[in-house]
Amino acid sequence: RAPSHRRASMVHTEERNSLLMGGSATSEEETQGLLNDAHAHHSGRKPFMSVGAYVATVATVGLVAFGALVSVDGGAYSEHLNLRLAREGAARVTSQRPPRGFEGWKGAPLWDDVGEIPVLFTKGADEADFVVVGHSTDLSKDKYFLASLHKHGIHAALSGNGTRWHWFEDKLMGAKAALLQMSGNPVVMFADTTDVMFSCPDTEILARFAKTGADILIGGESQLWPEIDTYFDMTDEREFLLKTATKMGEKNIGLVDEAADATDGEDRFPNKWANGGTWMGRRNDLLDYFSEIEGYLTTNVESQGVGDGFARACKPYKMTNTEYEKRTIAAGFFDDQTCLNRFLMESAGQRNSRVKVDMDGSLMLSLGGTDPNTFKTAKDGRVFWEKTQKAPCVWHFNNPDSKKRMPAVAKKFPGYWV
């Protein structure tokens, strides 16, 4: 189809300002140590800090450390990050008059608070082949996410720091703001910042993504949420998605060398539904994805609720307006996974094999309630999941209990994520 957003980088006039980091509570010695650690990463030497000290230092240094992750010249901190703001017409922006490029998000309360969404880019992100996008209103709380990006030298574009959280429409608008401000057509991964850690460098992530044969690859999870009961009976679409995932699985992406063969009846593809915490594709394909889901957005009737005031949601696949208006999905709040699963099911209905779900952790794994004791160390040092015998590059601790286990899991496998 026609790439309606291929010209998206021209939508906004960009203003690039150095982000001056002042008032850090970290000593000069600690800061220089972290910069030296960035040198150690790029030269192949092991980090000198323990997991606890490393994470604590990253949390204290904050965005200075994050900016340093791709710097090998030890330059001034203010050069490590650029703050880009699209200021065109900012003073006139309201929820009823969103900025250009966000017309589909009319009514979102965020636009009553801000006229622009700030996006922080690591130095060199413009030229990078792979960029992680995330939305965070307070990056100081995302220490494991930032530490893993730092360890593996991954470029990032992070939106929303310093803004107020409303609901999940914020993170999609933040992701789109980052995409619109990028140049070129890099591979981009959206990742939740509060509960995701990386275990591979960008070269490995890009190599695995290329092997999948996907235009858009979506991290899977074992349960459908929000639950759309009509999807369970759509056997044609579900079988098509499983078929594409099985073919992808046959390429042994992420499989450990000593992997055991599957036993009869064993399900090696447990994560069959889309998870909104990790998804990826080239920038232009993701902008096309936004065009699609903006077409799904429907205004709720009064009985469905208005959520945080946005009062809009993605109508499920093959559901009529009459049927939809009789249902209350996600308590009337916008949910990004409703949009993602609609896109996934619609792609399956069109037999689009270039939109795929990572059902076995070939690249991205959503842990949910997985027992950490099922994570093992392979002979080559990689951490893998016993159930699929695969060592993913992106680990999503995607429920409250799982998120609480992040520190313990990182400590159990020191130096792997952070």
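Here the residue index of a chain counts from 1 through its sequence in written order. It should be noted that, the model being predicted, local features are given only for residues of pLDDT at least 70 and side-chain atom pairs only at 80 or more, the latter also being counted only at that level, while totals for whole chains, interfaces and linings use all residues. Hydrogens are left out, water is left out, and the side-chain values use all remaining heavy atoms of the structure.

Enquirer: Lay out the overall build of the protein in plain terms, naming residues and giving numbers.
Expert: Strands here are runs of E lasting at least two residues and helices are runs of H or I lasting at least four, both read from the DSSP assignment and numbered beginning at the N terminus. From N to C terminus, the protein includes 13 helices and 16 strands. Throughout this description, buried means an accessible area under 20% of the type-specific maximum (1.4 Å probe, protein chains only), exposed means over 50%, and partly exposed covers the range between. Out of the 418 residues in the protein, the part that is buried amounts to 57%. Contacts spanning at least 24 positions in sequence make up 81% of the contacts within the protein whose residues lie at least 6 apart. For the protein, the exposed area adds up to about 17,500 Å²; of that, 48% sits on carbon and sulfur atoms. Should any heavy atoms of two residues lie within 4.5 Å, those residues are counted as being in contact. Under the convention used here, a 1.4 Å probe and the Shrake-Rupley method define accessible areas, while residue burial counts only the protein chains that appear.

Enquirer: How would you summarise the pattern of salt bridges if you had to cite specific residues and measurements?
Expert: When a carboxyl oxygen of Asp or Glu lies within 4 Å of a side-chain nitrogen of Lys or Arg, that pair is called a salt bridge. Under the defined criterion, the tally for this structure stands at 14 salt bridges. A salt bridge links Asp 336 to Lys 171; the shortest N-O distance between them is 3.0 Å. With Asp 336 in helix α11 (residues 336–349) and Lys 171 in helix α6 (residues 169–180), this pair connects stretches of sequence that are 165 residues apart. Comparing Asp 336 with Lys 171 shows no difference in burial state: the two are buried. Close ionic contact of Arg 354 with Asp 215 constitutes a salt bridge, the shortest N to O distance being 3.0 Å. Pair noted here: Arg 354 is in the loop between α11 and β12 (355–358) and Asp 215 is in the loop between α7 (202–212) and β8 (216–221), with a separation of 139 residues, a long-range link. We classify Asp 215 as partly exposed; its relative accessible area is 29%.

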